[in-house]
Amino acid sequence: MKTVFSGVQPTNKLTIGNYLGAMKNWVDYHKDYRAIFSVVDLHSLTSKISPEERKRNSFEIVTLYIALGLDPAKNIIYYQSDVKEHSELAWILNCYAYMGELSRMTQFKDKSTGQENVNLGLFAYPVLMASDILLYQTNIVPVGEDQTQHLELTRDIAIRFNNLYGDIFQIPEKLTPKLTARIKGLQNPEKKMSKSSEEPNDSVFILDSPELITKKIKRAVTDSEGSVYYDVEKKPGVSNLLTIYAGVTKKTIEEATKDFEGANYGTFKKIVCEALIEDLSPIQKEFEKLIKDEAYIKEVLIKNSEKASAIAKETIYKVKEAVGLPVR
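Residues numbered from 1 in each chain as written. Predicted model: local features only at pLDDT ≥ 70, side-chain atom pairs only at ≥ 80, totals over all residues. Heavy atoms only, no water.

Asks: Tell me what's going on with the overall build of the protein, and back it up with residues and numbers.
Replies: Counting its secondary structure elements, the protein contains 12 helices and 5 strands. Split into buried and exposed, the 328 residues of the protein put 51% on the buried side. Sequence-distant contacts, at least 24 apart, represent 75% of the contacts inside the protein between residues at least 6 apart. Summed over its atoms, the accessible surface of the protein is roughly 16300 Å², and 52% of this surface lies on carbon and sulfur atoms. In the protein, which carries 44 positive and 45 negative side-chain charges, the distance between the mean positions of the two groups comes to 1 Å. (Helix = DSSP H or I, 4+ residues; strand = E, 2+ residues; numbered from the N terminus. Buried < 20%, exposed > 50% of the residue type's maximum accessible area, 1.4 Å probe, protein only. Contact = heavy atoms within 4.5 Å. Areas by Shrake-Rupley, 256 points an atom, 1.4 Å probe, with all protein chains shown as cover. Lys, Arg positive; Asp, Glu negative; His and termini not counted. Charge placed at Lys NZ, Arg CZ, Asp CG, Glu CD.)

Structure representation (C-alpha cells):
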C-alpha cells in the first residue's frame, strides 16, 4: 500500500482554512493509503510561542484530528518529536542540501524579511520537512501552493541522495485533492487565512463558537456592489465567502452561486454562517468529548508513535548503512 504523509504545526489553533484546504480530505485517505498524520512540533520551535502554548496546541490538534474522523486504528497519528529519527535524518540530509537552494525558499524570504537575527532552524526548516516525508518512504504528499516549493526541494534532495547511494528513498509526488478550497482572510481576502493573523476577525477557527463565527462572518469584507457572484479579482471578499460555503456544503462554485441569486449581502452572510456552523458542530461536539479523556489521547499517542518509529527505523537503517555510519 502506498503512503500518504501530512502534518500541522502547533503554533496556534487551526482555522477553517486548514480544515477546508486540507484536513477535510484526510478522513478517507486510509482507504487507499497507509495514512500518516503528524503534529510537527519540532517545526514550531522556529516560532516564538511559549512552551505551555506549544504543549496545549499539540494536544488539542491530535484531539481534533480524531474528532475530524481520523480513526487512530486506521491512521498513524503522532507527535513528530516522539520519533527521534526525524531529527537524525534531518541532520544527515542537511549534508546533502545546498545553501543556495535553501536561501531561495520563498517562505524563508518572507519570514526572515525585517528580522535582525534569523535562527538557523528557519533556514533549515525545509530539510526537516524533507526528512518528515522521506522517513516514511512517502509516495504522495497533499500540499497547497505555499508548500509546493518545499516538496520540490524534498524531491531534489532524495534524487541527489539516490544518485549517490542507490534507491534509498521513494520519490514523493504531489497530491491535489479532488475537493479543496483556498480560504482567504475575512478582513484581507487578498491573502491566505492564517492561524497567526494579528487581526482577530480575519480568521475563523475550527473550534470557534457559533456566536463568534457569526460575528466574524458578519464583519467579513465584501464590496459596495450588492450582488453575489464569483470573481476573485473584482469581488475577493464575496468570492471567499462563496468558497467557504461551497467547501462546507460540498457544492461547486457554480452551484453555490445559484443558491444566492437575488440575495443581498445580509442574507448571503447569514446562510454562509448557518452552513459553516452546521458543518463544524459535530466536530466540535466530538472534540469536547475527547478532550476530557486525556488518558485515551495519551494512549493513542504512545501506540501510534511506536508504529511510526517502526517504519522510521527501517529507513534510517538503510540511510546510515549507505553513508557509512554504524548500524545496529
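Here the narrative resumes.
Asks: Any details on the environment of F287? Residues and values, ideally.
Replies: Residue position: F287 is located in helix α11 (residues 265-290). With 224 residues separating them along the chain, F287 and T63 place their C-alpha atoms 6.4 Å apart.

Asks: Before we move on, could you go through the pairing of strand β2 (residues 34-39) and cite the residues and values that matter?
Replies: Burial within β2 is extensive, with 5 of its 6 residues counted as buried. Relative to β2, strand β1 (residues 3-8) runs parallel, the two being bridged by 6 bridges. Looking at β2, one finds that F5 is bridged to I36. Note that the unit made of β1, helix α1 (residues 16-26) and β2 has a crossover that is right-handed. (Pairing = 2+ DSSP bridges. Right-handed = clockwise from strand over helix to strand, strands pointing away.)

Asks: Would you mind going over the nonpolar core in detail, with residue names and values included?
Replies: The biggest cluster of nonpolar side chains holds 59 residues, and the ones touching the most others in it are Y65, I244, F268 and L276. Setting aside residues up to four positions removed in sequence, L276 forms contacts with I16, V204, I213, I217, I244 and V248. The next biggest cluster of nonpolar side chains, apart from the first, holds 36 residues, and it includes F5, A97, M129 and I316. (Core = buried A, V, L, I, M, F, W, Y, C linked by side-chain atoms within 4.5 Å.)

Asks: Summarise the side chain of Q80; cite the residues concerned and give the values.
Replies: Relative to the helices and strands, Q80 resides in the loop between β3 (75-79) and α3 (85-94). There is a polar contact of 3.5 Å between the side chain of Q80 and the backbone nitrogen of H43. At 2.9 Å, the side chain of Q80 forms a polar contact with the side chain of D132. Residues within four places of Q80 in sequence aside, it is in contact with S38, V39, V40, D41, L42, H43, H86, L128 and D132. (Polar contact = N/O pair within 3.5 Å; in protein donor to acceptor, adjacent residues only side chain to side chain.)

Asks: Which residues make up the packing of aromatic side chains, and what values do they have?
Replies: Inspection of every chain in the model, using the stated rule, returns 11 aromatic pairs. Judged by centre distance (4.8 Å) and plane angle (50 degrees), the ring pair of F161 and Y165 falls under tilted. On the criterion of helical spacing, the pair formed by F161 and Y165 is a turn pair, its members being 4 residues apart in helix α7 (residues 145-165). A residue is classified by how much of its surface remains accessible, and F161, at 0% relative accessible area, is buried. For Y165, a relative accessible area of 32% translates into the label partly exposed. Seen from their ring centres, F161 and F169 are 5.1 Å apart, and the 55 degrees between their planes marks the pair as tilted. (Phe/Tyr/Trp six-rings, centres within 6.5 Å; stacked < 30°, edge-to-face > 60°.)

Asks: Can you explain α3? Please cite residues and give values.
Replies: When we look at burial in α3, the residues that qualify are E85, H86, L89, A90, I92 and L93. Projected onto a plane normal to the axis of α3, the buried residues spread over an arc of 165 degrees and lie on a single side. (Arc of directions from axis to C-beta.)

Asks: I'd love a proper account of helix α8 (residues 210-218), names of residues and values included.
Replies: If you check which residues of α8 are buried, you get I213, K216 and I217. Seen from one end, α8 has its buried residues packed into an arc of 95 degrees, which puts them on one side. Exposed and oriented more than 90 degrees from the buried face of α8 are E211 and K218. Residues of α8 that are buried sit in contact with α9 (236-249) and α11.

Asks: Before we move on, could you go through the pattern of salt bridges and cite the residues and values that matter?
Replies: Counted under the stated rule, the structure contains 16 salt bridges. In this structure, D28 and K31 form a salt bridge, with 3.4 Å as the shortest nitrogen-oxygen distance. In this structure D28 comes out as partly exposed when scored by relative accessible area, which is 44%. Taking the relative accessible area as the measure of exposure, K31 reaches 55% and is therefore exposed. One salt bridge connects K320 with E88, and the closest N-O pair in it is separated by 3.1 Å. (Salt bridge = Lys/Arg side-chain N within 4 Å of Asp/Glu carboxyl O.)

Asks: Just give me the short version of the environment of G21, but keep the residues and values in it.
Replies: Tracing the sequence through the fold places G21 in helix α1. C-alpha separation for the pair G21 and A181, spaced 160 residues apart in sequence, amounts to 4.7 Å.

Asks: Give me the lowdown on the side chain of N304, citing residues and values where you can.
Replies: Considering the arrangement of structural elements, one finds N304 in helix α12 (residues 294-323). Not counting residues up to four positions away in its chain, the partners in contact with N304 are P72, N75, I76, I77 and Y78.

Asks: How would you sum up the packing of α3 against helix α6 (residues 120-134)? Please name residues and give values.
Replies: Between α3 and α6, whose axes approach to 8 Å, the crossing angle comes to 120 degrees. One way to sum up the angle between α3 and α6 is to call them oblique. When you trace α3 past α6, the crossing you get is right-handed. On the side of α3, the interface is formed by H86, L89, A90, L93 and N94, while α6 contributes A124, V127, L128, A130, S131, D132 and L134. Classifying every residue of the contact of α3 with α6 gives 8 nonpolar, 3 polar and 1 charged. (Axes fitted to C-alpha atoms, helices over the stretch in contact; angles between N-to-C directions. Parallel < 35°, antiparallel > 145°, perpendicular 65-115°, else oblique. Left-handed = near helix turned anticlockwise from the far one by under 90°. Nonpolar A, V, L, I, M, F, W, Y, C, P; charged D, E, K, R; others polar.)

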